[in-house]
Amino acid sequence: MIGKIIELPKITDPRGNLTVAEELKDVPFDIKRAYWVYDVPGGESRGGHAHKRLRQLVVALSGSFHVTLDNGRERETILLNHPWQGLIIETGTWRTLDDFSSGAVCLVLASEPYEEDDYIYDYDEFLSYVNSKL
């Protein structure tokens, strides 16, 4: 398995549930950046890249979407559809997010601030990068 689903604390309450994610407790890294993706038009994809240093926790806050992960040797697709579950994506993993349901909101907690040189956007370059790390 390339990605790892983790359960985040879910506090159930008749007034509405609450889930929390604390760095180095629930999330296995320091959180340096948070962003969310929403209003993705039908048929569109997000992602389509890998990171050299960045680790991420991806959560479907609302709705659902698929995350396809590729480490250069194997590929897997994971459905995210519970706001109390997060998908850990490690460095050197190509990711694509697609099949967003209407109203889906994707939260990403990242281990690093935005750095353009951390991104690999070309799949062949990604394969060269991961093969050089073996």
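Residues numbered from 1 in each chain as written. Predicted model: local features only at pLDDT ≥ 70, side-chain atom pairs only at ≥ 80, totals over all residues. Heavy atoms only, no water.

Trainee: What is the right way to read the environment of Ile78 from this model?
Mentor: Relative to the helices and strands, Ile78 resides in strand 8 (residues 75–80). Each C-alpha atom of the pair Ile78 and Ile11 lies 24 Å from the other, and the pair is 67 residues apart in sequence. Those residues within four positions of Ile78 in sequence are excluded, and the remaining contacts are Met1, Gly3, Ile5, Phe65, His66, Val67, Leu69 and Leu87. (Helix = DSSP H or I, 4+ residues; strand = E, 2+ residues; numbered from the N terminus. Contact = heavy atoms within 4.5 Å.)

Trainee: Where do I start with the packing of aromatic side chains in this structure?
Mentor: One pair of aromatic rings is described through two measures. These are the centre distance and the angle between the planes. Across all of its chains, the model carries 6 aromatic pairs by this definition. Note on Tyr114 and Tyr119: the rings are 5.5 Å apart at their centroids and 50° apart in plane angle, and the pair reads as tilted. Under the relative-accessibility criterion, Tyr114 is labelled partly exposed at 46%. Seen in terms of ring centroids, Tyr123 and Phe126 are 5.6 Å apart; in terms of plane orientation they differ by 40°. Their pairing is tilted. Taken as a pair, Tyr123 and Phe126 lie in helix 1 (residues 123–132) at a separation of 3 residues, close to a single helical turn. (Phe/Tyr/Trp six-rings, centres within 6.5 Å; stacked < 30°, edge-to-face > 60°. Buried < 20%, exposed > 50% of the residue type's maximum accessible area, 1.4 Å probe, protein only.)

Trainee: Honestly, the side chain of Asp118 in this entry has me stumped. Any pointers?
Mentor: Among the secondary structure elements, Asp118 is positioned in the loop between strand 11 (105–110) and strand 12 (119–120). Residue Asp118 is classed as buried on the basis of its relative accessible area of 4%. A distance of 2.9 Å separates a polar atom in the side chain of Asp118 from a polar atom in the side chain of His51. The contact partners of Asp118, leaving out residues within four places of it in the chain, are Ala50, His51, Lys52, Arg53 and Leu54. (Polar contact = N/O pair within 3.5 Å; in protein donor to acceptor, adjacent residues only side chain to side chain.)

Trainee: Would you mind showing me how to read the sheet that holds strand 9 (residues 85–89) here?
Mentor: Sheets are built from strands that pair by backbone hydrogen bonding, the pairs being arranged parallel or antiparallel. Sheet architecture is open: 5 strands sit in the order 1-9-6-11-4, paired in antiparallel fashion. Both outer strands of the open sheet, strand 1 (4–7) and strand 4 (33–38), are each paired with one neighbouring strand and no more. Geometrically, the sheet is characterised by an average inter-axis angle of 25° between neighbouring strands, direction not taken into account. As paired strands, strand 1 and strand 9 are joined by 4 bridges and run antiparallel to one another. (Pairing = 2+ DSSP bridges. Axes fitted to C-alpha atoms, helices over the stretch in contact; angles between N-to-C directions.)

Trainee: Sorry, what's going on with unusual backbone geometry here?
Mentor: Most peptide bonds are trans, and most residues other than glycine sit at a negative phi. At Leu24, a position not held by glycine, the phi torsion is positive, near 60°. Structurally, Leu24 can be placed in the loop between strand 3 (18–19) and strand 4. In this structure, Asp39 takes a positive phi of about 55° despite not being glycine. Looking at the element boundaries, Asp39 is found in the loop between strand 4 and strand 5 (46–51). The exposure class of Asp39 is exposed, given its relative accessible area of 66%.

Trainee: I would appreciate a short explanation of the pattern of salt bridges in the present structure.
Mentor: Any two side chains of opposite charge can pair if their charged atoms end up close together. For the structure on display, the rule yields 6 salt bridges. A salt bridge links Arg53 to Asp118; the shortest N-O distance between them is 3.9 Å. A residue pair is termed long-range when its members are at least 10 positions apart, and Arg53 in the loop between strand 5 and strand 6 (56–62) and Asp118 in the loop between strand 11 and strand 12 qualify at 65 residues. Residue class for Arg53 comes out partly exposed when judged on its relative accessible area of 39%. Ionic pairing is found between Arg55 and Glu90, a salt bridge with its closest N-O pair at 2.8 Å. With Arg55 in the loop between strand 5 and strand 6 and Glu90 in the loop between strand 9 and strand 10 (94–98), this pair connects stretches of sequence that are 35 residues apart. With a relative accessible area of 22%, Arg55 lands in the partly exposed category. Relative accessible area serves as the criterion here: at 33%, Glu90 is assigned to the partly exposed category. Because the salt bridges share partners, they merge into one network encompassing Arg53, Glu115, Asp117 and Asp118. (Salt bridge = Lys/Arg side-chain N within 4 Å of Asp/Glu carboxyl O.)

What is shown is where atoms sit, not what they do.
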